[in-house]
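Structural overview
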Amino acid sequence: MSTLTAWERALERVEGALVAQIFPREPVELVGALRRECDNNAVVCSQRRVVVPNAYDVELAEHVHDELDPDEGQVAQVLTDKLARHGEHKGYEWAGPLTVHVTKSRDVPNGRYRVTSTVMANISAGGFRTSDR
């Protein structure tokens, strides 16, 4: 095993431990939903170029949001990091700067979360829809 691979695995273990401390339980299902949203919206431009959306909106049911993100913002950063790794692993090209925006919502279809994506050339908090949640 190369030194670089050993370092990568060590960093993944440290990251896993950090995520476990931030979340009472790792939001594996939520990360999976983000990955599926990314994969399902991939556009193959050429044999070596696959472009995916860069702005992801994660709406969490109020009780899920309060459980996962009591400090506001940590969940969004962790999800962004995990999605960036997924894109790097798949060889994706982001349509712009990658961001994951996490909000509370009173109306999510499965009672836990909803994940949507879009292409945004310039990322700003105002770019995400702000309906009454």
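A brief look at the structure comes next. Just so you know, these numbers come straight off a predicted model, no measurement behind them.

Strands sit in the order E1-E2-E4 across an open sheet of 3 strands; the sheet is mixed. Across the chains shown, the open sheet's two edge strands, defined by having one partner strand only, are strand E1 (43-46) and strand E4 (92-94). Each strand of the sheet is rotated relative to its neighbour by a mean of 40°, with strand direction disregarded. Here 3 bridges tie E1 to strand E2 (residues 49-52), and the two strands are oriented antiparallel to one another. The partner of Ser-46 across the bridge, within E2, is Arg-49.

For helix H4 (residues 74-90), built from 17 residues, the straight-helix expectation of 24 Å at 1.5 Å per residue is met to within 8% by its first-to-last C-alpha distance of 25 Å. Those residues of H4 not exposed but buried are Val-75, Ala-76, Val-78, Leu-79, Thr-80, Lys-82, Leu-83, His-86 and Gly-87.

Attention now goes to the side chain of Asp-57. If you trace the backbone, Asp-57 turns up in strand E3 (residues 55-61). Side-chain polar atoms of Asp-57 contact the side chain of His-101, separated by 3.4 Å.

Most of E3 sits out of view: 7 of its 7 residues are buried. Neither face of E3 is left uncovered, since the one carrying Ala-55, Asp-57, Glu-59 and Ala-61 and the one carrying Tyr-56, Val-58 and Leu-60 both have all their residues buried. Taken together, the 7 bridges between E3 and strand E5 (residues 99-105) define a ladder with parallel strand orientation. When the sheet's bridge partners are listed, Glu-59 is paired in E5 with Thr-103. Here E3 pairs with strand E6 (residues 113-118) via 6 bridges, running antiparallel. Residue Glu-59 lies in a different strand from E6, and its bridge partner there is Arg-114.

Parameters and conventions
- Residues numbered from 1 in each chain as written.
- Predicted model: local features only at pLDDT ≥ 70, side-chain atom pairs only at ≥ 80, totals over all residues.
- Heavy atoms only, no water.
- Pairing = 2+ DSSP bridges.
- Helix = DSSP H or I, 4+ residues; strand = E, 2+ residues; numbered from the N terminus.
- Axes fitted to C-alpha atoms, helices over the stretch in contact; angles between N-to-C directions.
- Expected span 1.5 Å × (residues − 1).
- Buried < 20%, exposed > 50% of the residue type's maximum accessible area, 1.4 Å probe, protein only.
- Polar contact = N/O pair within 3.5 Å; in protein donor to acceptor, adjacent residues only side chain to side chain.

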